[in-house]
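# An overview of the molecular structure
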Amino acid sequence: MNNYRASMQELEMFAAIAQHLSFRKAAEERNVTPSSLSHAMRNFEERLGVRLLHRTTRKVALTEAGERFLQRIQPALADLSQAVDELNDWRSDPRGVLRISMPRSAEALFFQSLILPFVQRYPEITLEIDSNDALVDIVESGFDAGVRYGDVLAQDMIAVPFGRPMRALAVASPDFLAQHGVPLLPAELLQFPCIERRFPSGRRYRWEFWQDGRKQEVAVKGSLVLDNNERILQAARAGLGIAFLHQDAVSNALATGELVEILAEYTQVEEGFWLYYPSRKYLSAPLRHFINWIKDINK
């Protein structure tokens, strides 16, 4: 290496490229242009006298030397990052970036009650929220934490309740019920126009009902399929079908009489969202404060 000493910035640059195997994604993370990052990486390799990356027009891969180098520097970078972040414990207002992936429904339900108050309480923390209904690998995608409905999570994740549990309700407009009648059993929904919900994977949501402690799923059908709770609510208000939404999403429409709840005896089980994160010994100060914030709100 000709006694060349790599700077912290260069090591972090290489680690970002190695993590994403993409100059574009690494550049976005470091807030620089892909061309400037590529140029800096070439200069780094030239000064080291070792090629760390294989580049083609389509992809980036690590050389054998690059893989070995990454293995050696990753623990050191993590330790340095932790040391810097631990200084946050000496600040009255902790700083840093907190990246969270959550479904759009969770963002809509808890934006006013959980998210905005946290930002107001900790103005030095930059909170980045990616509202996405797809199942995201938060570690691979570079998120600190994620939010998911229900408690089915990977074994290596720790989860805490995110907001209070609530019921999911079947609702329809009075005009719709006057025209089509009222289903008395969940299975009868198959005979009614329903507003379906589609996930990014293409899978359509099966509505969940409970009787005597047992879950019953109904694969409803309808002429309208949406992927957005606000649009589902709007369509239900317009009388286009029966909808299935969380109680907080429909509370105002129920209070004004725009919507009517049906099948209430089969929707008494409350479920909730969970904030989940990798089971590491060390948590960044922004994430630690967010977890404590959520726990205090839930008390």
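Structural notes, computed from the coordinates. (Residues numbered from 1 in each chain as written. Predicted model: local features only at pLDDT ≥ 70, side-chain atom pairs only at ≥ 80, totals over all residues. Heavy atoms only, no water.)

## A look at the pattern of salt bridges
Selection criterion: Between Lys or Arg on one side and Asp or Glu on the other, a salt bridge is scored when a side-chain nitrogen of the former is within 4 Å of a carboxyl oxygen of the latter. Note on conventions: DSSP H or I runs of at least 4 residues are helices, E runs of at least 2 residues are strands, and numbering of each starts at the N terminus. Summary of the burial criterion: residues with accessible area below 20% of their type's maximum are buried, those above 50% are exposed, and those between are partly exposed, where the area comes from a 1.4 Å probe applied to protein chains only.
Throughout the structure, instances matching the rule amount to 14 salt bridges. The shortest N-O distance in the salt bridge between Arg99 and Glu128 comes to 3.1 Å. You can see Arg99 sitting in strand E3 (residues 96-102) and its partner Glu128 sitting in strand E4 (residues 125-131), a full 29 residues away along the chain. With relative accessibility at 27%, the residue Arg99 sits in the partly exposed group. Classification of Glu128 as partly exposed rests on a relative accessible area of 35%.

## Re the pairing of E3
Keep this limit in mind: Strand pairing is assigned whenever DSSP identifies at least 2 bridges connecting the two strands. When the strands point away from the viewer and the connection leading from the first strand across the helix to the second strand turns clockwise, the crossover is called right-handed.
Where E3 lies against E4, seven bridges are found, and the strand directions are parallel. From the neighbouring strand, Gly96 faces E4, where its bridge partner is Ile125. Between the parallel pair E3 and E4, the chain is carried across by helix H5 (residues 104-121), and the sense of this crossover is right-handed. With two bridges joining them, E3 and strand E5 (residues 145-149) adopt parallel strand pairing. Counterpart to Ile100 in the pairing with E5 is Ala145.

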